[in-house]
Amino acid sequence: MKTVIVIGAGPGNGAEISKRFGKEGFQVVCAARTQETLAAVITELKEQGIEAVGVECDASRRTDLESLVEWTKDQYGQIDVLVYNASILHQASVLEVSAEQITKEFEIDVLGALHAAQVVAPDMVARKDGAILITGGGAALNAIKSLPGLSIGKAGVRQLTHMLHDTLKDDNVYVGTVTIAGEVKRGTALDPKNVAEAFYTLYTNRTDVEKVLEAD
């Protein structure tokens, strides 16, 4: 059985991505900041017959990410897929937002993804197999003036994804991103189920580094 870690496994995209991989027979390790968030997602997955466990993890802390990866390897042997879906939203004027707020968002959006990739990549490179998938946002393509931290963070993580892809492709480790260009909403083109399907398609095709999902 293959194993996937989904970091940022809250309701919405995280839960649907977990379901999509779980339905393909993956052991799913869901990671989120609170036990309350994890409990709801794990219950939903298990009700659908999916093998899933939850692990508390603050994506802004490298030590938490290292502990998550080590625990998963101890339990299941190896990590076949890492999905980095962690992000936060904070509305503010770009003229008034604090450096502390920008830094906080950057630590989650970009540094968390970087650290997670750095932790899982060595084993993937050693066995010449694996995949790292990262949730991107349309703010990387067109900045949103009321979301300065997100706009900077998504631009950064998009570039990070491309660098990781170019660095790891010769070792047969696939890296890709789904760029969600709009508001995620049930019953639309940006339904979380469609986001999850885009991730799984990237994973199975292993060709394109980026898939842009646009609103209706």
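1. Here we look at the layout of surface pockets
The rolling of a water-molecule-sized probe over the atoms marks out the regions of remaining empty space. When its volume is computed, the largest pocket comes out at roughly 940 Å³. Lining the largest pocket are 37 residues; nearest its centre among them are Asn13, Asn85, Ser87, Ile88 and Leu89. Listed by contribution, the elements that provide at least two residues to the lining of the largest pocket are helix 1 (13-22), strand 2 (27-32), helix 4 (99-127), strand 5 (130-137), helix 5 (148-168) and strand 6 (173-181). Considering only residue class, the lining of the largest pocket consists of 18 nonpolar, 15 polar and four charged.

2. Side note on the sheet that holds strand 4 (residues 81-84)
Adjacent strands of a sheet form backbone hydrogen bonds with each other and so pair up, either parallel or antiparallel. In space, the seven strands of this open sheet follow the order 3-2-1-4-5-6-7, with parallel pairing throughout. Lying at the two open borders of the sheet, with one neighbouring strand each, are strand 3 (52-56) and strand 7 (210-214). Across the sheet, the mean angle separating the axes of adjacent strands is 15 degrees when strand polarity is ignored. Lying over the sheet, helix 4 contacts strand 1 (3-7), strand 4, strand 5 and strand 6, oriented at roughly 175 degrees with respect to strand 4. Against the sheet, helix 6 (residues 192-205) makes contact with strand 4, strand 5, strand 6 and strand 7, and its axis sits at roughly 155 degrees relative to strand 6, the strand it touches most.

Thresholds applied
Residues numbered from 1 in each chain as written. Predicted model: local features only at pLDDT ≥ 70, side-chain atom pairs only at ≥ 80, totals over all residues. Heavy atoms only, no water. 1 Å grid on protein atoms, 1.4 Å probe; cavity = no way out; pocket = protein on both sides within 12 Å on 5 of 7 lines; lining within 4 Å. Points joined across faces, edges and corners; volume = space filled by probe spheres on them. Helix = DSSP H or I, 4+ residues; strand = E, 2+ residues; numbered from the N terminus. Nonpolar A, V, L, I, M, F, W, Y, C, P; charged D, E, K, R; others polar. Pairing = 2+ DSSP bridges. Axes fitted to C-alpha atoms, helices over the stretch in contact; angles between N-to-C directions. Contact = heavy atoms within 4.5 Å.

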